[in-house]
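What follows is the residue order along each chain.
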Amino acid sequence: MGDNMEINPFCDIQPYQTEGINNWSLSNKIVTVTPSRSEMPSQIRGQKGRILTPEEAEKLMKDQTLVSDFKQQKLERDAQKNWDLFYKRNSTNFFKDRHWTTREFEELKACREQNHLYNAERCKAFQCDLTKDNLLENVPADSVDVVTLIFVLSAIHPDKMLLALENIYKILKPGGSVLFRDYGQYDHTMLRFKNGHKLGPNFYVRQDGTRSFFFSDEYMAQLLAAAEYEVLVNEYVFRETVNKKEGLCVPRVFLQCKFKKPERNRYN
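Just so it is clear, the structure is predicted and the values come from calculations on it, not from any experiment. (Residues numbered from 1 in each chain as written. Predicted model: local features only at pLDDT ≥ 70, side-chain atom pairs only at ≥ 80, totals over all residues. Heavy atoms only, no water.)

### A look at the nonpolar core
Ranked by size, the top nonpolar core spans 40 residues in total, and within it Leu-153, Met-220 and Tyr-229 carry the most contacts. Mapped by element, the contributors of at least two residues to this core are β3 (144–150), α6 (158–171), β4 (172–183), β6 (203–205), α8 (217–227), β8 (230–243) and β9 (248–260). The element best represented in this core is α6, accounting for seven residues. With residues up to four places along the chain from it excluded, the contact list for Met-220 reads Leu-153, Phe-180, Phe-215, Asn-234, Leu-255, Cys-257 and Phe-259. Of all hydrophobic cores here, the second largest spans 17 residues; its members include Val-146, Ile-150, Tyr-183 and Val-237. (Core = buried A, V, L, I, M, F, W, Y, C linked by side-chain atoms within 4.5 Å. Buried < 20%, exposed > 50% of the residue type's maximum accessible area, 1.4 Å probe, protein only. Helix = DSSP H or I, 4+ residues; strand = E, 2+ residues; numbered from the N terminus. Contact = heavy atoms within 4.5 Å.)

Structure below.
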């Protein structure tokens, strides 16, 4: 069940839900965790999540049956293989230029403007699994100014999200920032999952075996507090995607955050 905005947490360097800037020079180090394609129509921001229609609320209430533990364990074991097959099928046709990132995150503007100054000696590409590979084996501690984490965490099992954030924490400079955007709770792609695809609260599997989590601001705040980040922005982005050919207009919900490693961090 592809939705044209997915990402693989195993790509180049790139606890379950309890609901309840500056000008940057070439001296700055930026780690990019492979982001998604662009998306542009008009949007609004808000501190409150999307309100479901009665029909949508009823659908979610009825969808309480979870995928079996056996299948869930297999999906976890096969996660990298499923994403590799996804990219093999879609290749470069799936992802477009991400012009919206510089509109949303001013920290990245200098990077786009100075892209022609790319120097292979200053850049290091490597493959890792953020949930288990130690980034310190490839990136020095306390050396990175900005990390982009765009449509990445949603593809990671919720039990391992904290591990990924703690891994990133180690390489950030004190005061370094993480720029985050991902699927928000009650996004259209969440509501269109049929029965039999639910793995847990806000966590679903597509027909191709890839998985997706949908974030609430509350869940993200709890996750960042556990990882000891300082939250600068934590808000929903609401958009409408229009398909004129099919006469459809669907609500999209994303969660967008900026958070940073405190100036005096826990490893000092």
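### Focus on the pairing of β9
Counting buried positions along β9 yields ten of 13 residues, so the element is predominantly enclosed. Note that β8 and β9 share 13 bridges and pair antiparallel. If you follow Asn-234 over to β9, its bridge partner there is Cys-257. (Pairing = 2+ DSSP bridges.)

### What to know about the sheet that holds strand β7 (residues 211–213)
Strand pairing in a sheet takes place through backbone hydrogen bonds and is either antiparallel or parallel in direction. Spatially, the three strands line up as an open sheet ordered β5-β6-β7, and their pairing is antiparallel. Looking at which strands have only one partner, the edges of the open sheet turn out to be β5 (198–200) and β7. On average, adjacent strands in this sheet sit at an angle of 25 degrees to one another, irrespective of strand direction. One ladder, built from three bridges, connects β6 with β7; its direction is antiparallel. Paired with Tyr-204 across the bridge in β7 is Ser-212. (Axes fitted to C-alpha atoms, helices over the stretch in contact; angles between N-to-C directions.)

### What about α8?
Restricting attention to buried positions, one finds in α8 the residues Tyr-219, Met-220, Leu-223, Leu-224 and Ala-227. For α8, the buried positions fall inside an angular range of 130 degrees around the axis, keeping them on one side. Lining the buried residues of α8 we find α6, β4, β7, β8 and β9. Looking one or two places after α8, you find Glu-228, whose phi comes out positive at around 70 degrees. (Arc of directions from axis to C-beta.)

### Looking at the packing of α6 against α8
It is the contact of α6 with α8, at a shortest axis distance of 9 Å, that shows an interaxial angle of 50 degrees. By the angle between their axes, α6 is oblique relative to α8. With respect to the hand of their crossing, α6 and α8 are arranged in right-handed fashion. In contact with Pro-158, Met-161, Leu-162, Leu-165 and Tyr-169 of α6, α8 contributes Tyr-219, Leu-223, Leu-224, Ala-226 and Ala-227. Per-class residue counts for the contact of α6 with α8 are ten nonpolar, no polar and no charged. (Parallel < 35°, antiparallel > 145°, perpendicular 65-115°, else oblique. Left-handed = near helix turned anticlockwise from the far one by under 90°. Nonpolar A, V, L, I, M, F, W, Y, C, P; charged D, E, K, R; others polar.)

### Quick notes on the environment of Asp-133
Note on placement: Asp-133 falls in the loop between α5 (109–113) and β3. As for Asp-133 and Asn-167, which are separated by 34 residues in sequence, their C-alpha atoms are 8.3 Å apart. Filtering out sequence-adjacent residues up to four positions away, Asp-133 remains in contact with Cys-128 and Asn-167.

### Here we look at the packing of aromatic side chains
This model, assessed by the stated rule, comprises 19 aromatic pairs. Ring plane angle 70 degrees and centroid distance 5.2 Å describe the contact between Phe-151 and Tyr-183, whose orientation is recorded as edge-to-face. Residue Phe-151 is found in the loop between β3 and α6, and its partner Tyr-183 is found in strand β4; the two are separated by 32 residues along the sequence. Each member of the pair, Phe-151 as well as Tyr-183, is classed as buried. For the ring pair Phe-180 and Phe-215, a centre distance of 5.5 Å and an interplane angle of 85 degrees mean the geometry is edge-to-face. In this pair, Phe-180 sits in strand β4 while Phe-215 sits in the loop between β7 and α8, placing the two residues 35 residues apart along the sequence. (Phe/Tyr/Trp six-rings, centres within 6.5 Å; stacked < 30°, edge-to-face > 60°.)

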